[in-house]
Amino acid sequence: MTDRSADLLTAIDRTGYYPEVVADAVTDACGGEPVVSYYVHHEPTFERDEVRRHQTVIVLTPSRLILAHTDEHAGDDLLPEPYTSTSTEAVSLSAVANVVVTRMVTNPTSGPRPPAEAVLTIGWGAVSRIDLEPAACDDPQCEADHGYTGTSSSDDFSLRVSAAADGADAVGGLLSFAASLSALTRG
């Protein structure tokens, strides 16, 4: 197994988004384990007249999934100077319950094409969502209370990338990371 730690640090540096801060947090979270695979997603968002940036780094080690998210903030009452906040989470690969990959391919009847978008959703049971709606019957005149119906799903982490916004390499990179994660979480 090749350790891709140096490649990861280069990718973080290439974004130009507080590379020392992000690299420090990711390196600490990896705890000295080799990097099997990674994905770095730098996402600027627009709020009225200002740009806010976020960065998500997902790392696969032989035993864990590492998630790191960094935000930038304007100064406030407690910290008057602009600052960043970085949160990291380390999840044991044995805890990963599902890896869901959704690929969106445009004009699929015209032959093989690379996906235009991809969504990676990873669940390990830390967050559950319940979507409920009123239950109904087939009778359009029925006014009875049929209770509720719904679904329960686990989606602790979800990331969507598109070729239009992030570049074609970003979609391929996310799919490559998803394949590596799926390979290490087989039961």
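Residues numbered from 1 in each chain as written. Predicted model: local features only at pLDDT ≥ 70, side-chain atom pairs only at ≥ 80, totals over all residues. Heavy atoms only, no water.

**Quick look at the overall build of the protein**
- Each helix and strand in the protein was counted, giving four helices and nine strands.
- Along the protein, helices and strands appear, N-terminal first, in the series α-α-β-β-β-β-β-β-β-β-β-α-α.
- Radius of gyration (C-alpha) of the protein: 20 Å, far over the 16 Å computed for a compact globule of 187 residues.
- On the principal axes, the C-alpha backbone points of the protein span a range of 65 × 50 × 40 Å.
- Counting across all 187 residues of the protein, residues that qualify as buried make up 31%.
- Counting contacts in the protein only where the partners sit at least 6 residues apart, residues at least 24 apart contribute 58% of the total.
- Here the protein displays about 11300 Å² of accessible surface, and carbon together with sulfur accounts for 50% of that area.
- Side-chain charges of the protein comprise 11 positive and 28 negative groups, with the mean position of each set lying 9 Å from the other. (Helix = DSSP H or I, 4+ residues; strand = E, 2+ residues; numbered from the N terminus. Rg over C-alpha atoms; globule rule 2.2 N^0.38 Å. Buried < 20%, exposed > 50% of the residue type's maximum accessible area, 1.4 Å probe, protein only. Contact = heavy atoms within 4.5 Å. Areas by Shrake-Rupley, 256 points an atom, 1.4 Å probe, with all protein chains shown as cover. Lys, Arg positive; Asp, Glu negative; His and termini not counted. Charge placed at Lys NZ, Arg CZ, Asp CG, Glu CD.)

**Remarks on the sheet that holds strand E5 (residues 98–104)**
- As summarised here, the arrangement of the three strands in space is E5-E6-E9, forming an open sheet in which the pairing is antiparallel. A strand with exactly one partner marks an edge of an open sheet, and here the two such strands are E5 and strand E9 (157–162). For this sheet, the mean angle separating the axes of adjacent strands, direction not counted, is 10 degrees.
- Note that strand E6 (residues 117–123) and E9 share six bridges and pair antiparallel. Bridged to threonine 121 within E9 is serine 158. (Pairing = 2+ DSSP bridges. Axes fitted to C-alpha atoms, helices over the stretch in contact; angles between N-to-C directions.)

**Details of the nonpolar core**
- In this structure, Tyr39, Ile58, Leu65, Ile122, Leu174 and Phe177 are the most contacted members of the largest nonpolar core, which totals 23 residues.
- When residues of this core are traced back to their parent elements, those giving at least two are strand E2 (50–60), strand E3 (64–73), E6, E9 and helix H4 (168–184).
- When residues in this core are grouped by element, the largest group, seven residues, is from H4. (Core = buried A, V, L, I, M, F, W, Y, C linked by side-chain atoms within 4.5 Å.)

**Details of helix H2 (residues 19–30)**
- The end-to-end C-alpha distance of H2, which contains 12 residues, comes to 16 Å, matching closely the 16 Å that a straight helix rising 1.5 Å per residue would cover.
- Restricting attention to buried positions, one finds in H2 the residues Pro19, Val22, Ala23, Ala25, Val26, Ala29 and Cys30. Here the buried residues of H2 occupy an arc of 165 degrees about the axis, which is enough to place them on one side. Residues of H2 that are exposed and point more than 90 degrees away from the buried face comprise Glu20 and Asp28.
- Turning to H2, the residues buried within the fold contact helix H1 (5–15), E2, E3 and strand E4 (83–92).
- A positive phi of about 60 degrees marks glycine 31, the residue just after H2. (Expected span 1.5 Å × (residues − 1). Arc of directions from axis to C-beta.)

**What about the sheet that holds strand E1 (residues 37–47)?**
- With respect to topology, four strands assemble into an open sheet ordered E1-E2-E3-E4, the strand pairing being antiparallel. Bordering the open sheet on either side are E1 and E4, each of which pairs with just one other strand. Mean inter-strand twist for the sheet, computed between neighbouring axes without regard to direction, equals 15 degrees.
- Taken together, the 10 bridges between E3 and E4 define a ladder with antiparallel strand orientation. Following the sheet pairing, isoleucine 66 is matched in E4 by alanine 90.
- Contacts from H2 reach E2, E3 and E4 within the one sheet, and its direction differs from that of E3 by about 155 degrees.

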